[in-house]
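Survey of secondary and tertiary structure
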Amino acid sequence: MTSKTERKSHAADTTARKRTSQTRRKQGDSGATSVAQVRLRPDEMADLQQVMQTLQLHSLSDALREGLRLLSREATEVAAAQEIRDFYGGTQAPTPEGVLPAAADELAAADETEW
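As the structure is a computational prediction, the values presented were derived from the model and not from experiment.

For the rest of this paragraph, the subject is the overall build of the protein chain. When helices and strands are counted, the protein chain shows four helices and zero strands. Reading the helices (α) and strands (β) of the protein chain from amino to carboxyl end gives α-α-α-α. Taken across its 115 residues, the protein chain has 3% of its residues classed as buried. Total accessible area on the protein chain stands at roughly 10900 Å², and carbon and sulfur atoms take up 55% of it.

Right under this line is the structure:
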């Protein structure tokens, strides 16, 4: 027979485990997480803290996950652009009817744009 204290402890343990597994499912379907380290210079850390404040991100992990999400999106866009270039084999992709192709100076200005 188990004591009342042992039953309470077991119930709290079970509740904590359920909460943990629910949190993991919300964060990612795999349920497993990995730890990664990053070294930041003082100026990079200051920038990150400013970004966290502006975007109301509550932890470094939240901020870094958001950064990775944006990098992933950018990588997907770069891959799609490469697929389009490959499809057209180096020739200019057609523009929609009524749209004029960009001039060389417009393309150069776009290339020089920094985000």
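There is more to say after this.
Two elements in contact, helix α2 (residues 42-55) and helix α3 (residues 60-88), have axes separated by 10 Å at closest approach and are oriented at 90°. It follows that α2 is roughly perpendicular to α3 by the angle criterion. On α3, the residues touching M45, L48 and M52 of α2 are L60, A63 and L64. The residue makeup of the contact of α2 with α3, split by class, is six nonpolar, no polar and no charged.

Before going further, it helps to examine the confidence of the model for the protein chain. Within the protein chain, residue pLDDT values average 82, and 74% of them lie at 70 or more. Looking over the protein chain, one finds the lowest element-wise mean pLDDT in helix α1 (residues 4-27), namely 49, and the highest in α2, namely 96. This stretch, residues 18-25, has a pLDDT under 50; its non-local contacts, to residues over four places away or in other chains, come to one contact.

Bringing the environment of Q82 into the picture now. As for its position among the elements, Q82 is in helix α3. Note on Q82: relative accessible area 35%, which makes it partly exposed. A polar atom in the side chain of Q82 sits 2.9 Å from the side chain of R85.

The subject of this paragraph is the pattern of salt bridges. Once their charged atoms are close, side chains differing in charge can pair, the charge on each being opposite to the other. Evaluation of the coordinates by the stated rule reveals four salt bridges. Close ionic contact of R41 with D43 constitutes a salt bridge, the shortest N to O distance being 3.3 Å. Ionic contacts of the salt-bridge type, sharing partners, join the residues R41, D43 and E44 into one network.

Bringing a nonpolar patch on the surface into the picture now. A surface patch of nonpolar side chains, amounting to about 320 Å² of accessible area, comprises V38, L40, L60 and L64. Mapping V38 onto the fold places it in the loop between α1 and α2.

About the thresholds
- Residues numbered from 1 in each chain as written.
- Predicted model: local features only at pLDDT ≥ 70, side-chain atom pairs only at ≥ 80, totals over all residues.
- Heavy atoms only, no water.
- Helix = DSSP H or I, 4+ residues; strand = E, 2+ residues; numbered from the N terminus.
- Buried < 20%, exposed > 50% of the residue type's maximum accessible area, 1.4 Å probe, protein only.
- Areas by Shrake-Rupley, 256 points an atom, 1.4 Å probe, with all protein chains shown as cover.
- Axes fitted to C-alpha atoms, helices over the stretch in contact; angles between N-to-C directions.
- Parallel < 35°, antiparallel > 145°, perpendicular 65-115°, else oblique.
- Contact = heavy atoms within 4.5 Å.
- Nonpolar A, V, L, I, M, F, W, Y, C, P; charged D, E, K, R; others polar.
- pLDDT = per-residue confidence, 0-100.
- Polar contact = N/O pair within 3.5 Å; in protein donor to acceptor, adjacent residues only side chain to side chain.
- Salt bridge = Lys/Arg side-chain N within 4 Å of Asp/Glu carboxyl O.
- Patch = residues over 30% accessible without salt bridge, like charges linked within 9 Å, V, L, I, M, F, W, Y side chains within 5 Å.

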